[in-house]
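A look at the structure
Listed below, chain by chain, are the residues.
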Amino acid sequence: MTALSWAARPAEDAEVVRLSLDESERFSAVFDTYFGEIHRYVAQRLGADGAEDIVAETFLTAFRKRARYDPSRASVRAWLYGIATNLIGKHRRVEVRTLRALGRHGPDPDAPGHEERIAVRVSAESLRPSLAAALAGLHQRDRDVLLLVALAGLSHEEISTALGIPYGTVASRLNRARKKLRAALGGTNPMAESEEAGRG
Amino acid sequence: MDELEKIRELYGEPPADPFLKARVRERLAAEPRRRRLPWTTAVAGLAAAMAVTVAVAVPGTPGEVRPPGQTATVSGRSILLAAAATAEADPVATSAYWRVRKLYRQTHPERLGRGENRYWVVESRLTEQWAARDGRVWSGSRTLGARPASGADTEAWRRDGAPTEWSSRDRVLSMSPEKGRLTAVTGRAPFSMAGRGMTFEQIQGLPADPAALKARVTEAVREGAPTGALDGVVADALSGLLWSKPSPPDVRAAAYRALAELPNVRYLGEAVDERGRKGAAFSFTVQATETVRRTLIIDSASSQVLSSTVTGRPGVVGDQVEVVLDAGWTDDPPAVPGLP
């Protein structure tokens, strides 16, 4: 029962989903492996209150649609993020309200490994409301792509399979969203600019 | 700090709820018959396993600091330089994994209880970071349960009927420890220095010269926090290299030497951490207004940081204390944190 997500491999995940068509209890392993990160993503976007319903709905939808899951197209992880993102899209008002609260109060403290963020967070305090407002002002489709990169850490390729949109569209939505945020935050940082150019 | 990092900073980590996973399973099992998921039938057993109460002893007496003077003529600077020499003499690690295991303690920001019987509770959590040489990183966490903060709080809690679970600030607090989890950190930089993401590889490549290291850190701080006083953030980022990152011995030594030259790092004297270990206490403010202060207790004989206490954070009740239980290299593979 202790399926650790660090032990999970995309090919094995896909195999589990395939086997779960005959032996549905095997789907439990998918739930065990991905519950944590899918919940984290949904809770970040919709707040802890709203997240529970959406996460339950995500796994329920995945279970019901598992026959249609195509491992040659998307990893199980990207597939689940896609389902969760589509469900989040139906709760735009909750997301905007959550962003407003984040802008005012900021997140809960501290993830391990990021101790000295305290200092930076304190110094960056003043930027928070404008960043939250800028995020709330984005088009839903642009925000989805941006947050799948920033919060879920999905690649362009994975986002394209998760949302069922062309690769080039992922890039253009991401660029548009980042440009709007930079404009909202004011004063571009030359260091960050040059580093981004290098990143391609 | 680019926009993506600012976004992660804004969202932070959602609060941990040890019962959430079991609750969602239950909900899925309770779906109408035609949708019922056969894999959720193990729910009853799981919920029972999680309800077992385990008494956890968490040391509660705050670290005591004895000011310098009387017999002690040793300066803070010489202690940091001695720690640097110890760090430098550490052999380059050959084990498979770097690991740090910490006990984190924080007062819940809202008083609990009913009517007259209101009390503060302190939440404890074990956190672990693991890093393999190939750059894979895992993060482990285990909530140890909440308990009344002081003797007076304990009495108010008893009068309140000694509840073992509370609902507050959109989540459930419990006295029971959770099962714990271990997750691979993927898709984002697993470490951060002055708010900038850092990979395992980038940490290995940091300068081993104190001045060069300080310059590198200062540069990162300028990008992350363009306004306000930089010194505190520089001190914080340098000290982070000592205890929360897999820094090589020469980088740790350089960080100690750079800290020894910072005017804003104050030596408070000998101190004992919450687990009774002796060390030297240093502190610095991490903000221009001098309200947020971090105090580190350092054991110069082992060059390890024993504990960190952050005081004065806006919106935070009491101190945030982290006690380092283990730090360094090991051949044990990553696992869900065990109880201390």
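Reading the values: rules and limits
- Residues numbered from 1 in each chain as written.
- Chains lettered and ligands numbered in written order.
- Predicted model: local features only at pLDDT ≥ 70, side-chain atom pairs only at ≥ 80, totals over all residues.
- Helix = DSSP H or I, 4+ residues; strand = E, 2+ residues; numbered from the N terminus.
- Buried ≥ 20, exposed ≤ 12 C-beta atoms within 10 Å, placed from the backbone.
- Contact = placed C-beta atoms within 7 Å.
- Core = buried A, V, L, I, M, F, W, Y, C linked by C-beta atoms within 7 Å.
- Axes fitted to C-alpha atoms, helices over the stretch in contact; angles between N-to-C directions.
- Left-handed = near helix turned anticlockwise from the far one by under 90°.
- Nonpolar A, V, L, I, M, F, W, Y, C, P; charged D, E, K, R; others polar.
- pLDDT = per-residue confidence, 0-100.

1. Things to note about the overall build of chain B
Helices and strands together make up the secondary structure of chain B, namely 9 helices and 16 strands. Of all 340 residues assigned to chain B, the portion counted as buried reaches 45%.

2. Points about the environment of Arg 178 of chain A
By the element assignment, Arg 178 of chain A lies in helix α9 (residues 167-185). Separated by 32 residues in the primary sequence, Arg 178 of chain A and Leu 146 of chain A have C-alpha atoms spaced 7.6 Å apart. Here Arg 178 of chain A is in contact with Leu 146 of chain A together with Glu 3 of chain B, once residues within four sequence places are set aside.

3. Observations concerning the nonpolar core
Of all hydrophobic cores here, the largest spans 58 residues; its most connected members are Val 42, Leu 80, Tyr 81, Ala 84, Leu 148 and Ala 162 of chain A. Considering every element that reaches this core, the biggest residue donor is helix α2 (residues 27-64) of chain A, with 17 residues. Setting aside anything within four residues of it in sequence, one finds Leu 80 of chain A in contact with Tyr 34, Ile 38, Thr 58 and Ala 62 of chain A. Counting residues in each nonpolar core, the second largest holds 55 residues, with Met 193, Leu 238, Ala 280 and Val 323 of chain B among its members.

4. A word on the packing of helix α8 (residues 231-243) of chain B against helix α9 (residues 249-260) of chain B
The angle between the axes and the distance between the axes are what describe a pair of packed helices. All names here are of chain B. Look at α8 against α9: their axes get within 8 Å of each other, and the N-to-C directions meet at 145 degrees. Taken as a pair, α8 and α9 cross one another with a handedness that is left-handed. On α9, the residues touching Ala 235, Leu 238, Ser 239, Leu 241 and Leu 242 of α8 are Val 251, Arg 252, Ala 255, Tyr 256, Ala 258 and Leu 259. Partitioned by chemical class, the residues of the contact of α8 with α9 number 9 nonpolar, 1 polar and 1 charged.

5. Digging into unusual backbone geometry
A positive phi angle, close to 50 degrees, is found at Ala 162 of chain B, a residue other than glycine. For Ala 162 of chain B, the position within the fold is in the loop between α5 (151-159) and β7 (165-168).

6. So, the environment of Asp 273 of chain B
Residues and elements named next belong to chain B. You can see Asp 273 is positioned in the loop between β12 (266-272) and β13 (278-285). Judged by the 24 C-beta atoms lying within 10 Å of it, Asp 273 falls in the buried class. Linking Asp 273 and Leu 306, residues 33 residues apart in sequence, is a C-alpha distance of 7.0 Å.

7. Examining the confidence of the model for chain A
All names here are of chain A. For chain A, per-residue confidence averages 77 on the pLDDT scale, and 74% of positions sit at 70 or higher. By mean pLDDT, helix α10 (residues 190-199) is the weakest element of chain A at 31, and helix α7 (residues 140-150) is the strongest at 95. Below a pLDDT of 50 lies the segment residues 1-8, which in the model reaches 18 contacts outside its immediate sequence neighbourhood of four places, other chains included. Across residues 107-120, where pLDDT falls below 50, the model places 44 contacts with residues more than four positions away in sequence or in other chains.

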